[in-house]
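The lines below spell out each chain.
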Amino acid sequence: MVRERTVRLLYGSRVEAVYVLGTQLWTDVYSAAPAGAKTFSLKHSEGVKVEVVRDGEAEEVVTNGKQRWALSPSTTLRLSMAQASTEASSDKVTVSYYEEEGSAPIDQAGLFLTAIEISLDVDADRDGEVEKNNPKKASWTWGPDGQGAILLVNCDRDTPWLPTEDCNDEKVYSKEDLKDMSQMILRTKGPDRLPAGYEIVLYISMSDSDKVGVFYVENPFFGQRYIHILGRQKLFHVVKYTGGSAELLFFVEGLRFPDESFSGLVSIHVSLLEYMAEGIPLTPIFTDTVTFRIAPWIMTPNILPPVTVFVCCMKDNYLFLKEVKNLVEKTNCELKVCFQYMNRGDRWIQDEIEFGYIEAPHKGFPVVLDSPRDGNLKDFPIKQLLGPDFGYVTREPLFEKVTSLDSFGNLEVSPPVTVNGKAYPLGRILIGSSFPLSGGRRMTKVVRDFLQAQQVQAPVELYSDWLTVGHVDEFMTFVPIPGKKEFRLLMASLGGMSGKRITINKILSNESLSQENQYFQRCLDWNRDILKKELALTERDIIDLPALFKMDEDRQARAFFPNMVNMIVLDKELGIPKPFGPQVEEECCLETHVRSLLEPLGLACTFIDDISAYHKFLGEVHCGTNVRRKPFTFKWWHMVP
Ligand SMILES: [Ca+2]
Ligand SMILES: [Ca+2]
Ligand SMILES: [Ca+2]
């Protein structure tokens with residue numbers, strides 16, 4: 001789109017105008033004509049292209065001024081220039097007005113032009129480099145051919161001794177921090193100075209001021225100083241015009257993740273302003289805009305390769321810790337232990353957070369989403385546990401009461417799926433909630449809205465409130481099939497036992513337990529149907545793992561024996577809660593059964609005794625560990641949500 005502007009001429013006077021390359025200037029010869037004038041002629045310097053437009057038909061004007069045109073309201077001039085001026089007001093267009101054929105002009109109007117180039121540039125084509133004047137930089141589109149720049153929320157801490165995330169102040173403490181930001185370049189070209197009365201201003205809208213921050217580095221070579229020029233409380237910044245070819249480099253950080261009230265898009269503008277008269281506001285005569293999308297938070301599913309396993313060290317979990325350590329040693333990821341001085345006796349710390357990441361073409365880093373379950377967690381232990389190279393985000397409800405469903409043991413994410421022709425290349429987030437019609441507890445709305453607003457892992461709600469703790473990881477998990485781009489959904493199931501060789505008749509001969517479990521099986525089946533539909537799974541994709549639940553005083557389910565589906569998945573190595581089932585020929589028949597289901601797929605089963613460390617506190621191995629995983633190789637901006 002060509003930007004256009006109208007400049008008014010005035011007979012008998014000289015009008016100054018700054019022309020910005022790539023635009024068109026219109027001027028109306030008719031209303032600027034002296035009384036009695038009937039025709040006009042034109043002269044112009046070589047740098048200007050002048051067209052007479054009559055009734056929509058354009059005719060290019062030669063420089064000699066011999067041709068005459070009739071003055072008419074439907075006749076206007078269109079001007080453009082191809083090169084920046086080397087001197088101010090060095091180009092001009094002169095209009096001469098005549099009363100009759102052959103006579104000398106009765107008056108003249110002069111337009112003195114200064115051509116400059118202004119371009120606000122970003123990495124709109126997403127290759128990691130700021131290009132020059134991308135025509136699509138002002139808009140934002142998804143997909144492999146999409147255009148528009150990307151911002152990261154600067155939610156890590158590059159200076160570990162500071163108490164809060166980098167984006168929470170208007171300062172930059174290190175060069176490292178600048179690498180998290182997206183670069184933006186203001187390019188200008190023109191004469192040494194502009195005619196008096198022009199100003200170049202960078203600005204943002206009021207509604208973007210809590211979402212984006214812009215810095216400028218003063219003295220890039222000696223004793224750097226980082227200057228905050230746009231963001232909170234700073235809506236505009238006057239840029240000094242330096243003349244010649246200039247490139248001003250800015251650094252842009254995101255301050256907020258997309259959420260229910262924020263689409264994720266922010267824009268930064270540059271305008272050339274013109275002075276008219278004392279006391280009159282400056283008016284913009286040219287504006288260039290760039291649009292960024294703030295990178296969404298992306299959760300990493302089980303099928304991605306593990307990087308770090310987190311586990312708590314408690315007074316009573318020495319054996320559990322040792323078994324987890326043995327398992328991790330079979331993989332090539334590292335183990336990070338959260339010691340008691342950090343976890344302060346809370347064995348669930350790792351279950352309060354969900355690992356994910358954010359990514360832009362220039363940079364990416366891991367980000368944990370902290371559950372709102374316990375407000376205390378966010379200030380101390382988690383950040384200690386993670387160290388400085390992590391981003392951090394949390395959501396806190398303003399009015400709602402936080403429940404156990406808000407803990408992130410209650411979130412899972414599926415592997416990539418295609419459902420009814422629609423691809424979810426980053427999978428779908430599975431959120432446990434109460435029964436849709438029951439109106440009971442459900443995951444806090446702010447968290448659901450947050451996940452929805454990220455757009456790239458469209459959430460699915462499951463029914464998990466039939467469980468005492470109420471987490472989806474109590475009845476389902478995903479495992480990769482080694483060497484294949486396939487996965488299986490593992491689901492806790494009672495049918496998994498009775499239909500096959502294994503029966504635990506002894507346990508199920510207890511009448512009330514048997515009835516309770518028929519009810520629990522219905523709850524499981526309800527979720528099974530949702531999962532099949534929303535992830536386009538067939539029965540072939542699902543493996544039933546034997547489980548048994550018993551009803552608590554609130555008529556909710558807790559695991560009767562260690563719940564094997566609540567496992568840790570580290571590539572092909574599975575750390576499964578040791579079920580302590582009936583022994584057949586000195587082997588646990590449940591373990592034998594699970595091995596027979598999973599080992600043929602290439603998975604390796606390690607059974608971990610979690611009874612005293614987690615099971616008796618209503619959790620299992622999965623709740624007692626957490627895993628940071630590699631990001632997807634697929635770039636989120638290549639998808640179409
Ligand atoms: Ca680029
Ligand atoms: Ca900062
Ligand atoms: Ca940072």
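Residues numbered from 1 in each chain as written. Chains lettered and ligands numbered in written order. Predicted model: local features only at pLDDT ≥ 70, side-chain atom pairs only at ≥ 80, totals over all residues. Heavy atoms only, no water.

A. Main features of the pairing of strand β9 (residues 91–98). Across the eight residues of β9, seven count as buried, placing the element largely inside the fold. Bridging between strand β4 (residues 39–44) and β9 involves six bridges; their strand directions are antiparallel. For Leu 42, the partnering residue across the bridge sits in β9 and is Val 95. Note: β9 against strand β10 (residues 107–121), seven bridges, orientation antiparallel. Directly across from Val 93, in β10, lies its bridge partner Leu 111. (Buried < 20%, exposed > 50% of the residue type's maximum accessible area, 1.4 Å probe, protein only. Helix = DSSP H or I, 4+ residues; strand = E, 2+ residues; numbered from the N terminus. Pairing = 2+ DSSP bridges.)

B. Quick look at the coordination of the calcium ion (ligand 3). Only Asn 154 (OD1), Asp 156 (OD), Asp 158 (OD), Asp 166 (OD), Asp 177 (OD) and Asp 180 (OD) from the protein reach the calcium ion (ligand 3) as donors, at distances of 2.2 to 2.3 Å. Every donor counted, the six donor atoms about the calcium ion (ligand 3) form angles of 78 to 168° at the centre, which fits octahedral coordination. All donors to the calcium ion (ligand 3) come from one chain, and their sequence spacing reads N-x1-D-x1-D-x7-D-x10-D-x2-D. Taken together, the residues span a long stretch of sequence, with Asp 158 in the loop between β11 (149–151) and α1 (175–179) and Asp 180 in the loop between α1 and β12 (182–190) at a distance of 22 residues. Overall, Asp 180 belongs to the buried group, its relative accessible area being 0%. (Donors = N, O, S within 2.8 Å, 3.2 Å for Na, K, Ca; no water. Tetrahedral: all angles 85-135°; square planar, octahedral: opposite > 155°, others 65-115°.)

C. Layout of the packing of aromatic side chains. The full count for this structure, using the stated rule, is 17 aromatic pairs. With 6.0 Å between their ring centres and 10° between their planes, Trp 140 and Trp 636 make a pair best called stacked. In this pair, Trp 140 is assigned in the loop between β10 and β11 and Trp 636 in the segment after β41 (625–629), connecting sequence segments 496 residues apart. Trp 140 sits in the buried class, given a relative accessible area of 10%. (Phe/Tyr/Trp six-rings, centres within 6.5 Å; stacked < 30°, edge-to-face > 60°.)

D. Up close: the sheet that holds strand β22 (residues 334–338). As summarised here, the arrangement of the three strands in space is β22-β21-β41, forming an open sheet in which the pairing is mixed. The outermost strands of the open sheet, each flanked by one partner alone, are β22 and β41. For this sheet, the mean inter-axis angle between neighbouring strands, taken without regard to orientation, is 25°. Pairing of strand β21 (residues 306–312) with β41, which is carried by five bridges, proceeds in the antiparallel orientation. Within the sheet, the bridge partner assigned to Val 311 lies in β41 and is Thr 625. The strands touched by helix α2 (residues 318–329) are β21, β22 and β41; relative to β21, the strand with the most contacts, the crossing angle is about 175°. (Axes fitted to C-alpha atoms, helices over the stretch in contact; angles between N-to-C directions. Contact = heavy atoms within 4.5 Å.)

E. Inspection of the sheet that holds strand β33 (residues 542–546) at higher detail. Strand order in this open sheet of three strands is β31-β32-β33, and the pairing throughout is mixed. Here the strands that pair on one side only, and so sit at the sheet edges, are β31 (476–481) and β33. When the angles between neighbouring strand axes are averaged without regard to direction, this sheet yields 30°. Across six bridges, β31 lies against strand β32 (residues 486–493) in antiparallel orientation. When the bridges of β32 are listed, Ile 481 appears paired with Glu 486.

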